[in-house]
Amino acid sequence: MSTDRVEDDASALRERLRRLEAALDATGLGLWEWNVRTGELTWNARNRELFGIGHADALSIGDYPELVHPDDRDLVRSAYRAASERPDDADFSVEHRCRPGPDGKSRWVLSRGRVMKDAEGVRLVVGSNLDITDRKTAEARRSVLLRELGHRAKNGIVVLMTIVTQTAKSAKSVKDFEDLLLARLTAL
């Protein structure tokens, strides 16, 4: 292979890497890699930001559970365990919170990973994290709104039932009931 060809291939590879890094920055994805055999974690800058870890801080798999919200640790372990117990390479996906930051608030992330195996078993786990806090906040607001709407609808039905019951007690005929009920509903 000629020197010019090697340089062209290296230049093309650098350009592909530059485009990939630009796409990753645009999506806000945090990337991570876990060498299962050494316990070493490798995280890009965005992933460190998501979990509130300094850029120079060393990481190992033993640190990771403390970075996950205590209420979600079993969920994360279960997602990984299920993927690692499959016979071949397997993917997993789990939504969880990070431990609360200095402001006391937790950030939600969608964590996706692939468990990679060889003849000796699990050797590497790679994946990404995406901040989904805004989506989770919107879902929580929508849930509160729907509960309130349901509560108000039930109250409205109770009011209507009361009007019908009271109107029926005072009506002298079906026509009288109809006229009184329509008048009360119109006033309502």
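Residues numbered from 1 in each chain as written. Predicted model: local features only at pLDDT ≥ 70, side-chain atom pairs only at ≥ 80, totals over all residues. Heavy atoms only, no water.

Trainee: Would you mind going over helix α1 (residues 3-27) with me for this structure?
Mentor: Each turn of an α-helix holds 3.6 residues, which means side chains three or four residues apart point in the same direction. Relative to the 36 Å expected for 25 residues at 1.5 Å per residue, α1 spans 36 Å between its end C-alpha atoms, a close match to the ideal helical length. Just beyond α1, the residue with positive phi is G28, at close to 75 degrees. (Helix = DSSP H or I, 4+ residues; strand = E, 2+ residues; numbered from the N terminus. Expected span 1.5 Å × (residues − 1).)

Trainee: Which parts of the structure should I look at to understand the packing of helix α5 (residues 133-170) against helix α6 (residues 174-187)?
Mentor: Helices that pack against each other are described as a pair by the angle of their axes relative to one another and the distance between those axes. Relative orientation of the contacting elements α5 and α6 amounts to 145 degrees, with a least axis distance of 9 Å. For the element pair α5 and α6, the recorded crossing hand is right-handed. Side by side, α5 and α6 meet where L160, I163, V164, Q166, T167, A168 and S170 of the first sit next to D176, F177, L180, L181, R184 and L185 of the second. In terms of residue class, the contact of α5 with α6 is built from 8 nonpolar, 3 polar and 2 charged. (Axes fitted to C-alpha atoms, helices over the stretch in contact; angles between N-to-C directions. Left-handed = near helix turned anticlockwise from the far one by under 90°. Contact = heavy atoms within 4.5 Å. Nonpolar A, V, L, I, M, F, W, Y, C, P; charged D, E, K, R; others polar.)

Trainee: What is the right way to read the pattern of salt bridges from this model?
Mentor: Any two side chains of opposite charge can pair, so long as their charged atoms come close to each other. Summed over the entire model, instances satisfying the criterion amount to 16 salt bridges. In this structure, K136 and E139 form a salt bridge, with 3.9 Å as the shortest nitrogen-oxygen distance. Residue K136 and its partner E139 are both found in helix α5; the two are separated by 3 residues, about one turn of the helix. Connected via shared salt-bridge partners are R46, E49, R107 and D131. (Salt bridge = Lys/Arg side-chain N within 4 Å of Asp/Glu carboxyl O.)

Trainee: How do you make sense of the pairing of strand β5 (residues 121-131) when you look at a structure like this?
Mentor: Of the strand pairs in this sheet, strand β1 (residues 30-35) and β5 are connected by 6 bridges, and their pairing is antiparallel. Counterpart to E33 in the pairing with β5 is V126. As paired elements, strand β4 (residues 108-118) and β5 share 10 bridges and run antiparallel to each other. Residue pairing across strands places L110 opposite L130, the latter belonging to β5. Connecting β4 to the next strand, β5, in antiparallel fashion are 2 residues. (Pairing = 2+ DSSP bridges.)

Trainee: Help me understand the sheet that holds β4, please; the structure alone is not making it clear to me.
Mentor: Strand pairing in a sheet takes place through backbone hydrogen bonds and is either antiparallel or parallel in direction. Taken in spatial order, the 5 strands make up an open sheet running β2-β1-β5-β4-β3, and their pairing is antiparallel. Strands with a single pairing partner mark the edges of an open sheet, and in this sheet they are β2 (40-43) and β3 (90-97). Between one strand and the next, the sheet's axes are offset by a mean angle of 20 degrees, whatever the strand orientation. Bridge analysis of β3 against β4 gives 8 bridges, and the strand direction is antiparallel.

Trainee: How do you make sense of α5 when you look at a structure like this?
Mentor: Helix length check: α5 (38 residues) gives 56 Å between terminal C-alpha atoms against 56 Å at 1.5 Å per residue, within 8%. Next to the buried residues of α5 lie β3, β4, β5 and α6.

Trainee: Would you explain the environment of S60 in this entry?
Mentor: Inspection of the secondary structure puts S60 in the loop between α2 (45-51) and α3 (64-67). S60 sits in the partly exposed class, given a relative accessible area of 30%. Along the chain, S60 and W34 lie 26 residues apart, while their C-alpha atoms are 8.3 Å from each other. In this view, S60 contacts G39 and L41; residues no more than four positions away in its chain are not counted. (Buried < 20%, exposed > 50% of the residue type's maximum accessible area, 1.4 Å probe, protein only.)

Trainee: Which parts of the structure should I look at to understand the packing of aromatic side chains?
Mentor: Aromatic ring pairs are described here by two measures, namely the spacing of the ring centres and the angle between the planes. Counted by the stated rule, this structure contains 6 aromatic pairs. With a centroid separation of 6.2 Å and an interplanar angle of 85 degrees, the aromatic rings of W43 and Y64 are classed as edge-to-face. Of this pair, W43 sits in strand β2 while Y64 sits in helix α3, and the two are 21 residues apart along the sequence. Per residue, the accessibility class of W43 equals that of Y64, and both read buried. Ring geometry for F51 versus Y64: centroids 5.8 Å apart, planes at 55 degrees, classification tilted. Taken together, the residues F51 in helix α2 and Y64 in helix α3 connect sequence positions 13 residues apart. Since its relative accessible area comes to 3%, F51 is described here as buried. One aromatic cluster is present, built from ring pairs that chain together W32, W34, Y80 and F92. Seen from the ring of W108, K136 lies directly overhead, with NZ or CZ sitting 4.4 Å from the centre. (Phe/Tyr/Trp six-rings, centres within 6.5 Å; stacked < 30°, edge-to-face > 60°. Lys NZ or Arg CZ within 6 Å of the ring centre and 35° of its normal.)

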